[in-house]
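Single-letter residue listing:
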Amino acid sequence: MEKFDTPKLETYLKTPALKSDVMTGSGPFKANADMQKSLGFPGKKVDNWQQVAIEKMGETISKYRSLPVFLDACVKCGACADKCHYFLGTGDPKNMPVARQDLFRSVYRRHFTFAGKYFPKLVGAKEFDESMLDDWYNYFHQCSECRRCSVYCPYGIDTAEITMAAREVMNAIGVGQKYCNQILGKVKKIGNNLGMPEPALRDTLLDLEEEIEEDTGVAVKLPLDHQGAEILLITPSADFFAEPHIDGLIGYAKVFHQSGDSWTLSSYASEGANFGMFIGNYDIMREGALRIRKAALDLGVKRIIVGECGHAWRVAYSFWNTLTGIGDGATDEYALQLQNQLNQNYPQPQHIIEYTYDLIQKGRLTFDKSKNDHRTVTFHDSCNVARGSNMGGIENGQFILPREVIKAACNHFVDMSEGTIKASTFCCGGGGGLLTDDLLELRVKGALPRMQALKQSEEKGGVNTLAALCAICKSQFSKVLPYYDFDPFMVVSVHQLVSEALVLDGENSQQESKAL
Amino acid sequence: MSLTSILFTVFFYLAVSLCLVGVTLKVIQYASTPVPLKIPTAPAPLTKFGVILRMMREVFLFSSLFKASKWTWLFGWLFHWALVLLFIRHLPYFWPGETPEILRQTESLRYAAFPLIFGLSGLLARRFFVDRVRYISAPSDYLLLILLILIALTGALMTFAQFYPDMGKVYAFAEGLITFDWSELPSGGIFLAHIFMVFVLIAIFPISKILHAPGVFFSPTLNQVDDARKKRHISDWAFDKEKNSKGG
């Protein structure tokens, strides 16, 4: 790993001058033959890769309307150019969303448009040669698919769609990324991103139960494969082992304990994350979703609730009904069976934030907010939640509900400045399949805009706690905060705040009796 | 008819045909390409009515561009609206027979030429002076702006600097194009340059970035209702997969 300089935090976020090719390079580690083959991709770069790539481009363009529309419509107005956190953090012009798209668009123009076929120079059409492929691999792995650019584009052009298509094309010619494809192989084989088998998961959950009982004196359970439970909780596997994620999991368990609803985790579908989205592969994404459908059917649950994970919630909220017919309108027998089985009085699926928020609204949770009085909290809107989903079925619910849950558990809450939160939120810098140490420089630099906003809220509002509801955001912040002289432990799960302030039935008397 | 008149008449029909056929093919391509997933972007409307409002805000006000860059918005918005007004201003030339009263009131719309030139010049200046925009500009991006500026300048010269051609002949020629009752062009290099460039603009519509005009209506991030949990959204090709599904 080469050394790099962490950017300095200025008073205001500045748009950098262009620094051509500063982030050029060979990109993240590539997947080996086994990883590629386990997902049905060629084991190594195929000999006639150009031909295969162009054919695959044609196929994706004919299957996804977003592609021909976005590729044709861009007028190069530059509205998106200064909106990407990777551009703001690096100054590399190829990290401007439009320039990133142009890597794809220039090949599209050359092979699929009249102007590009006959007047390539005039319209910036280019051949798909080795150096173009290098740029594709490098720069399409410097996009976290956070969609911030799409909010500012007059035509809604979403670079994430282009990045996904580009990764799909690269996988089809045998050029895959190690981090994503290795993880997808583990989900396929074992059921979660970690490759954590059932016994290990069971042990972890038992340990947690002991820990909670020691802390509170209350026997809060974390059931696994509990047949006939009311609720199936699907959460990112990072919640089972990583800090601060695990404290969020404890929070969910306490909320379920207080509500009295029976719930369970599944060892077969022990993963909420779905990296199939990151590589733009519909089939793999669907496979992941079908695992969850099967677990729900086998366990006979009435509700499916998703834990704190950004893209998992985007996939669950926006795609599950399409992929598996979980909500309404599917026709195959398993989907119909699932629809009959699930309680349609609730939206399916629901987010854990929606669940906790409902309980708060109904007055079924009691908080001792003073437990969080040492904290001044700010909230990081995770990109996939902010720009790819909703909560509560009300407009902007995905911004309102988490803040309301935090405020129910904390006395001191301060938002970061407008333009860096809600629909305009900056990505943490590690999303979209980039949360790997071989991309550390990119991750640190890409975090700059978020760190800038955090610094401001620290100076002006005394913020000392950064709450997030995405496993990737939490891991990424834990890693990059020290580069900007922040305390890495200032990151917490939203449900950690809930956990700390939630008053459990029997908790006080238990502690008092201990004291006596 | 003179050879010039014949050539221009033929070119007009050629340009319009290319435009109509090309745009129709493109629209058919967009409309027939499936949208397999729900991908509305924030702030996503929860109802169809909300989508209509959002589209109107984008198309009439350029609301996303306003959020992104005030200067680009100002130049771009002025240019597009001036173009609309000047299009209306040109309708009387083509109106067969008696011009309706309402179109006779459009005389003052000619002043839209000034915001048009101002907006286009601003957009061109950005391509030269803002390093980010310069980086992403291809020759065609400059040429299209220059073409539009030249159209605007030649039009303005005729209107405001008294370089106007024989207006009777202009009406006759334009009306003739619509009624297939062709007539002689007026003389005057500026006029000929003006309409030649307009015909070029019409011809390149379907093979250039002007496709953003129909494209915006097909943009799934803007035109989708955010109701994935309530209503199942599925494309044909995904549905075919499902029929062969073994459950999971």
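Just so it is clear, the structure is predicted and the values come from calculations on it, not from any experiment.

Concerning the overall build of chain A
Step number 1: Across its full length, chain A carries 24 helices and seven strands.
Step number 2: Counting only C-alpha atoms and orienting by the principal axes, one finds that chain A spans roughly 85 × 60 × 40 Å.
Step number 3: In chain A, buried positions account for 60% of the 516 residues.
Step number 4: Residue pairs in contact within chain A that sit at least 24 positions apart in sequence constitute 79% of those at least 6 positions apart.

Remarks on the sheet that holds strand β5 (residues 377-380) of chain A
Residue and element names in this part refer to chain A.
Step number 1: Taken together, the three strands give an open sheet; going across it, the order is β5-β6-β7, and neighbouring strands pair in parallel fashion. Sheet topology places β5 and β7 (491-493) at the edges, where each strand pairs with a single neighbour. Strand-to-strand, the axes of this sheet are offset by a mean angle of 35 degrees, without reference to chain direction.
Step number 2: As defined by bridge partners, β5 adjoins strand β6 (residues 465-468) across four bridges and the pair is classed as parallel. Note on β6: the bridge partner recorded for F379 is A467.

What about unusual backbone geometry?
Residue and element names in this part refer to chain A.
Step number 1: In this structure, P349 follows Q348 across a cis peptide bond, with omega equal to -10 degrees.
Step number 2: Looking at the element boundaries, P349 is found in the loop between α16 (333-341) and β4 (350-351).
Step number 3: In this model, K76 sits at a positive phi of 60 degrees, which is unusual for a non-glycine residue.
Step number 4: Located in the positive-phi region is E145, a residue other than glycine, with phi close to 55 degrees.
Step number 5: Considering the arrangement of structural elements, one finds E145 in the loop between α8 (130-139) and α9 (148-152).
Step number 6: Residue classification places E145 among the buried positions, given that 26 C-beta atoms sit within 10 Å.

Examining the sheet that holds strand β3 (residues 303-306) of chain A
All names here are of chain A.
Step number 1: Ordered in space as β2-β1-β3-β4, the four strands form an open sheet in which the pairing is parallel. Whereas interior strands pair on both sides, the edge strands pair on one side only; in this sheet they are β2 (263-264) and β4.
Step number 2: Relative to β3, strand β1 (residues 231-234) runs parallel, the two sharing four bridges. The residue of β3 that forms the bridge with L232 is I304.
Step number 3: Running at roughly 155 degrees to β1, helix α14 (residues 282-299) makes contact with β1, β2 and β3 of the sheet.

Structural notes on helix α9 (residues 167-179) of chain B
Step number 1: In this model α9(B) runs 18 Å from its N-terminal to its C-terminal C-alpha over 13 residues, within 8% of the 18 Å that 1.5 Å per residue would give.
Step number 2: Following α9(B) by one or two positions, F180(B) has its phi on the positive side, about 55 degrees.

Considerations on the domain arrangement of chain A
All names here are of chain A.
Step number 1: Taken domain by domain, chain A comprises domain 1 (33-176), domain 2 (184-353) and domain 3 (361-501).
Step number 2: In this complex, domain 2 contributes 31 residues to the contact, which on the side of domain 3 involves 32 residues.
Step number 3: Among the elements that make up the side of domain 2 that touches domain 3, the one with the highest residue count is helix α13 (residues 245-259) (10 residues).
Step number 4: By residue class, the composition of the side of domain 2 that touches domain 3 is 17 nonpolar, nine polar and five charged.

Description of the packing of α14(A) against α16(A)
Each packed pair of helices is defined by two parameters, the angle between the axes and the distance between the axes.
Residue and element names in this part refer to chain A.
Step number 1: Relative orientation of the contacting elements α14 and α16 amounts to 55 degrees, with a least axis distance of 10 Å. Here α14 is positioned oblique relative to α16, judged by the angle of their axes. Crossing angle aside, the handedness with which α14 passes α16 is left-handed. Packed against α14, whose contacting residues are R293, A296 and L297, the element α16 presents Y334, Q337, L338 and Q341 at the interface.

A short note on the packing of helix α5 (residues 97-112) of chain A against helix α10 (residues 159-172) of chain A
Residue and element names in this part refer to chain A.
Step number 1: Where α5 meets α10, the axes come as close as 10 Å, and the angle between the chain directions of the two elements is 35 degrees. Where α5 crosses over α10, the two elements pack in a sense that is left-handed. Judged by residue contacts, P97, R100, Q101 and F104 of α5 engage T159, I162, A165 and A166 from α10.

Notes on helix α22 (residues 471-480) of chain A
An α-helix turns once per 3.6 residues; consequently, residues spaced three or four apart project the same way.
Residues and elements named next belong to chain A.
Step number 1: Of all 10 residues making up α22, nine are buried, and the element is well covered by its neighbours.
Step number 2: Here α22 has its buried residues at A471, I472, C473, K474, S475, Q476, F477, K479 and V480.
Step number 3: In this fold, the buried residues of α22 make contact with α13, α15 (310-324), β5, α20 (440-446), β6 and β7.

Digging into the environment of H495(A)
Step number 1: Considering the arrangement of structural elements, one finds H495(A) in helix α23 (residues 494-501).
Step number 2: Measuring from C-alpha to C-alpha, the distance between H495(A) and L122(A) comes to 55 Å, with 373 residues separating the pair along the chain.

Details of the confidence of the model for chain B
Step number 1: For chain B, the mean per-residue pLDDT works out to 95, and 98% of the residues sit at or above 70.
Step number 2: Per the prediction output, this complex has pTM 0.96; the corresponding ipTM is 0.96.

Describing the pairing of β3(A)
Residue and element names in this part refer to chain A.
Step number 1: Of the two faces of β3, the one lined by R303 and I305 and the one lined by I304 and V306 are each fully buried.
Step number 2: When β3 meets β4, the two strands line up parallel, connected through two bridges. The residue of β4 that forms the bridge with I305 is Q350.

Focus on the pairing of β1(A)
Step number 1: Neither face of β1(A) is left uncovered, since the one carrying I231(A) and L233(A) and the one carrying L232(A) and I234(A) both have all their residues buried.
Step number 2: Read from β1(A) through α13(A) to β2(A), the crossover connection turns out right-handed.

So, the confidence of the model for chain A
Step number 1: Residue-level pLDDT values for chain A average 95, and 98% of them are 70 or greater.
Step number 2: Overall, residues 512-516 of chain A carries pLDDT values under 50, and its contacts beyond four positions in sequence, including any with other chains, amount to one contact.

Cut-offs and rules
- Residues numbered from 1 in each chain as written.
- Chains lettered and ligands numbered in written order.
- Predicted model: local features only at pLDDT ≥ 70, side-chain atom pairs only at ≥ 80, totals over all residues.
- Helix = DSSP H or I, 4+ residues; strand = E, 2+ residues; numbered from the N terminus.
- Buried ≥ 20, exposed ≤ 12 C-beta atoms within 10 Å, placed from the backbone.
- Contact = placed C-beta atoms within 7 Å.
- Pairing = 2+ DSSP bridges.
- Axes fitted to C-alpha atoms, helices over the stretch in contact; angles between N-to-C directions.
- Expected span 1.5 Å × (residues − 1).
- Domains from an automatic or database assignment.
- Nonpolar A, V, L, I, M, F, W, Y, C, P; charged D, E, K, R; others polar.
- Parallel < 35°, antiparallel > 145°, perpendicular 65-115°, else oblique.
- Left-handed = near helix turned anticlockwise from the far one by under 90°.
- pLDDT = per-residue confidence, 0-100.
- Right-handed = clockwise from strand over helix to strand, strands pointing away.

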